[in-house]
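Chain by chain, the residues:
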Amino acid sequence: MNTSGHAADDVRAPGLRLNPFRGIRYVPERVGSLAAVTSPPYDVVVRPDGLHHLESADPHNIVRLILPQAITAGTRHRKAAVTLDRWLADGILAPDPEPALYVYEQRGDGILQRGLIGALELSTPAEGIVLPHEDVMPHVVEDRADLMRTTAANLEPLLLTYRGDGDGAGAVIDRVVEREPLLSTTTEDGFHHRLWSVTNPADLTAVATELRRHQALIADGHHRWATYLRLREEHTAPGPWNHGLVLLIDTARYPLRVRAIHRLLNRLPVPDALAAIGDSFRVTRVDGPLPAAQEALAAATADGNAFLLAGDGTFHLLDRPDPALLARTVRTDRPEAWRTLDATVLHSTLLDHVWRIPDAPEDIAYIHDTEAAVAQAERRGGTAVLMHPVKEEVVRDLARQGVTMPRKSTSFGPKPATGLVLRSLALD
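Residues numbered from 1 in each chain as written. Predicted model: local features only at pLDDT ≥ 70, side-chain atom pairs only at ≥ 80, totals over all residues. Heavy atoms only, no water.

Trainee: Explain the overall build of the chain residue by residue, including any values.
Mentor: Within the chain, the regular secondary structure consists of 15 helices and 21 strands. In terms of C-alpha radius of gyration, the chain reaches 22 Å, essentially the compact-globule figure of 22 Å for 428 residues. Along the three orthogonal principal directions, the C-alpha set of the chain runs to about 65 × 50 × 40 Å. Sorting the 428 residues of the chain into buried and exposed places 55% on the buried side. For the chain, contacts bridging at least 24 residues in sequence account for 80% of all contacts bridging at least 6. Looking at charge distribution, the chain has the averaged site of its 46 positive side-chain charges lying 2 Å from that of its 56 negative ones. (Helix = DSSP H or I, 4+ residues; strand = E, 2+ residues; numbered from the N terminus. Rg over C-alpha atoms; globule rule 2.2 N^0.38 Å. Buried < 20%, exposed > 50% of the residue type's maximum accessible area, 1.4 Å probe, protein only. Contact = heavy atoms within 4.5 Å. Lys, Arg positive; Asp, Glu negative; His and termini not counted. Charge placed at Lys NZ, Arg CZ, Asp CG, Glu CD.)

The following block contains the structure:
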């Protein structure tokens, strides 16, 4: 399967179909600031600290919709639906007057990223149009599905990438960004965000023509994509549930960064983790601070699998795993690139065999921010397993082969800010 986005894509049909929709956006005059009502994606918010920070930033912060707080899941999701309806009725949120695609720009930390937000026609992995590269956790899909079902809304876009050929969409984006944007704001992470609408029929046709030649890789949002597919199965008639909100980035023009997602082992103290390892890995104490420890991890990863344990006030480098142990614990029916992934070895060898920790929310948390992972491990008396990022070409190669990586193996970014544009299925 070709992911290059060039001639071989032409033989596939129908390719990517990104449809305009009536975006729902905050009314600037009704909120403190646009920056104060945005949030990172739901799974990046470091709970509870980050959640409380966002809730206090503005009473209308989008986190009240994507991570509503109540005792039971059903109550949380109904609360989100009621809140969404109230904000629409009160004019806090309002739909745009006509369907549009949206050009979205992020700029900061030496990065310029531009892409298109739209309602993408859904497809299964077998169709080879949208390629997943990670496994998903059923309980997360169920939670997101119930929230989406109850609110009848796509509250935040997935991040998808494709390799463009320089025609159509790219030219449209270049023209559109010369205009005055619909909104412009700078979030507290220093990133500047701008949004434009695309409604001109000729521009929409140019975008559609190019995208039908391409396939996409899910960079961020595997659980939400699985949620889209589940909800499509529940609504068999053609309609809005056949599409899902996405941000589509041409990485030939705007390369993404790939970072690791770390593991927090809530119930395993560092001394117990080290004692269980025995001779399975070489264990070396590494001096801090954290950036220096991460450099040691990067150097060790260049020669094979390596991990950094934290949580007891220092760092412990795990590398040079026992080859015989890997042979016994890692599946042999997958490509070599999959068998040698750090995430594969972590889950198959360390978590399943050495530490015998179930992949359940009460035992393992997945944290994007390195400092937060270390801080939470120290606070809870657990172990943070710090990972080194996978190269993007490895991700694409495995996805092209139809092989999914262990869940939460990668973090592509920068991720879109949540809250700049929403999609109501009632309006499509």
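Trainee: Hey, could you go over helix 10 (residues 290-301) for me, with residue numbers and the actual values?
Mentor: Look at helix 10: 16 Å from first C-alpha to last across 12 residues, which is about the 16 Å you get at 1.5 Å a residue. Listing the buried residues of helix 10 in full gives Leu-290, Ala-293, Leu-297, Ala-300 and Thr-301. The buried side chains of helix 10 occupy one side of the element, clustering within an arc of 100 degrees when seen end-on. Of the surrounding secondary structure, the elements contacted by the buried residues of helix 10 are strand 15 (282-286), strand 16 (306-310), strand 17 (315-319), helix 13 (342-354), helix 14 (370-380) and strand 19 (383-386). (Expected span 1.5 Å × (residues − 1). Arc of directions from axis to C-beta.)

Trainee: With reference to specific residues and values, describe the packing of helix 6 (residues 169-176) against helix 7 (residues 201-211).
Mentor: Following both chains from N to C, one finds helix 6 and helix 7 inclined at 145 degrees, their axes separated by 8 Å at the closest point. Contacts from Ala-169, Gly-170, Val-172 and Arg-175 of helix 6 reach helix 7 at Asp-203, Ala-206, Val-207 and Glu-210. (Axes fitted to C-alpha atoms, helices over the stretch in contact; angles between N-to-C directions.)

Trainee: Can you lay out the packing of helix 4 (residues 73-89) against helix 5 (residues 138-151) for me, pointing to particular residues and giving the numbers?
Mentor: For the pair helix 4 and helix 5, the least separation of the axes is 8 Å and the interaxial angle reads 35 degrees. Remark: the crossing between helix 4 and helix 5 carries right-handed chirality. Of the residues in helix 5, those in contact with Ala-73, Gly-74, Arg-76, His-77, Arg-78, Ala-80, Ala-81 and Leu-84 of helix 4 are Asp-143, Asp-146, Leu-147, Thr-150 and Thr-151. Residues that form the contact of helix 4 with helix 5 fall into these classes: 5 nonpolar, 4 polar and 4 charged. (Left-handed = near helix turned anticlockwise from the far one by under 90°. Nonpolar A, V, L, I, M, F, W, Y, C, P; charged D, E, K, R; others polar.)

Trainee: Give me the layout of surface pockets: which residues, what numbers.
Mentor: Its boundaries defined by the atoms lining it, the largest pocket holds a volume of some 1400 Å³. What lines the largest pocket is a set of 45 residues, and nearest its centre among them are Pro-40, Val-44, Asp-189, Arg-259 and Asp-369. Of all elements in the fold, only helix 1 (34-37), helix 2 (49-57), strand 13 (257-259), helix 10, helix 14 and strand 20 (411-413) reach the threshold of two or more residues within the lining of the largest pocket. The greatest single-element share of the lining of the largest pocket, amounting to 5 residues, is contributed by helix 2. Of the residues belonging to the lining of the largest pocket, the class tally is 21 nonpolar, 15 polar and 9 charged. (1 Å grid on protein atoms, 1.4 Å probe; cavity = no way out; pocket = protein on both sides within 12 Å on 5 of 7 lines; lining within 4 Å. Points joined across faces, edges and corners; volume = space filled by probe spheres on them.)

Trainee: Any details on the sheet that holds strand 16? Residues and values, ideally.
Mentor: Through backbone hydrogen bonds, the strands of a sheet pair up, either in parallel or in antiparallel fashion. Strand order in this open sheet of 6 strands is 15-17-16-19-14-18, and the pairing throughout is antiparallel. Two strands lie at the open edges of the sheet, namely strand 15 and strand 18 (364-367), each paired on one side alone. Going from strand to strand, the sheet's axes swing by 25 degrees on average, the running direction of each strand aside. Relative to strand 18, strand 14 (residues 262-265) runs antiparallel, the two being bridged by 4 bridges. Paired with Arg-263 across the bridge in strand 18 is Tyr-366. Lying over the sheet, helix 14 contacts strand 14, strand 16, strand 17, strand 18 and strand 19, oriented at roughly 160 degrees with respect to strand 19. (Pairing = 2+ DSSP bridges.)

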